[in-house]
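# Close look at the chain arrangement
Below, each chain spelled out in residue letters.
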Amino acid sequence: FIKIFKKSLLNIENINFKILNVTSDKDVFLVKWEMNFFAFNKQNKIIGVSEIIINEEQKITSHIDYWDSFSSFYLKIPIIGKVMLFISKIVKSKI
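Residues numbered from 1 in each chain as written. Predicted model: local features only at pLDDT ≥ 70, side-chain atom pairs only at ≥ 80, totals over all residues. Heavy atoms only, no water.

The tally for this structure, following the rule as stated, stands at two aromatic pairs. With 5.7 Å between their ring centres and 65° between their planes, Phe 17 and Trp 33 make a pair best called edge-to-face. One end of the pair, Phe 17, is in strand β1 (residues 13-25); the other, Trp 33, is in strand β2 (residues 28-39), and 16 residues separate them in sequence. Ring centres of Phe 73 and Tyr 74 lie 5.3 Å apart, and the angle between their planes is 80°; on these two criteria the pair is classed as edge-to-face. The exposure class assigned to Phe 73 is buried, which follows from its relative accessible area of 6%. (Phe/Tyr/Trp six-rings, centres within 6.5 Å; stacked < 30°, edge-to-face > 60°. Helix = DSSP H or I, 4+ residues; strand = E, 2+ residues; numbered from the N terminus. Buried < 20%, exposed > 50% of the residue type's maximum accessible area, 1.4 Å probe, protein only.)

Okay, here's the thing in structure tokens:
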């Protein structure tokens with residue numbers, strides 16, 4: 001799995017970020033973003049939100065990204081994606 005994951009990251013090309021929205025309250029900023037890139041032989045898009053916290057000196061003390069890694073990344077990895085999709089369908093059928 002680690003070899004496949006590293007290879008997948010090395011094969012990402014033409015990465016582009018677009019800021020969609022910024023919201024803040026005191027020292028907490030929420031940044032909605034879109035990342036476009038070419039990988040897995042096609043153009044891909046991931047939409048996410050970053051939570052950024054700054055201190056009194058205006059330095060970042062925390063940065064956490066939230067995004068749907070299952071649908072936006074793992075399902076697109078050759079072989080592993082098909083296995084994860086199969087498991088996901090089994091789980092959904094049991095709910």
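So, on to the pattern of salt bridges. Applying the stated criterion to the full structure yields one salt bridge. The shortest N-O distance in the salt bridge between Glu 34 and Lys 18 comes to 3.9 Å. Separated by 16 residues along the polypeptide, Glu 34 in strand β2 and Lys 18 in strand β1 bring together distant segments of the chain. The exposure class of Glu 34 is buried, given its relative accessible area of 11%. Using a relative accessible area of 43% as the deciding quantity, one classes Lys 18 as partly exposed. (Salt bridge = Lys/Arg side-chain N within 4 Å of Asp/Glu carboxyl O.)

Turning our eyes to something else, we now look at the sheet that holds strand β4 (residues 60-67). A sheet is described by the order of its strands in space; here four strands give the open sequence β1-β2-β3-β4, paired in antiparallel fashion. Strands at the two margins of the open sheet, each flanked by one partner only, are β1 and β4. Ignoring strand direction, the axes of neighbouring strands in this sheet form an average angle of 25°. In this sheet, β4 lies alongside strand β3 (residues 42-54) in antiparallel orientation, the contact comprising seven bridges. Each bridged residue has a counterpart across the sheet, and for Ile 52 the counterpart in β4 is His 63. (Pairing = 2+ DSSP bridges. Axes fitted to C-alpha atoms, helices over the stretch in contact; angles between N-to-C directions.)

In this fold, Ser 72 is placed in helix α2 (residues 69-72). C-alpha separation for the pair Ser 72 and Ile 60, spaced 12 residues apart in sequence, amounts to 27 Å. Every residue in contact with Ser 72, bar those within four places of it in the chain, is listed here: Lys 45, Ile 46 and Trp 67. (Contact = heavy atoms within 4.5 Å.)

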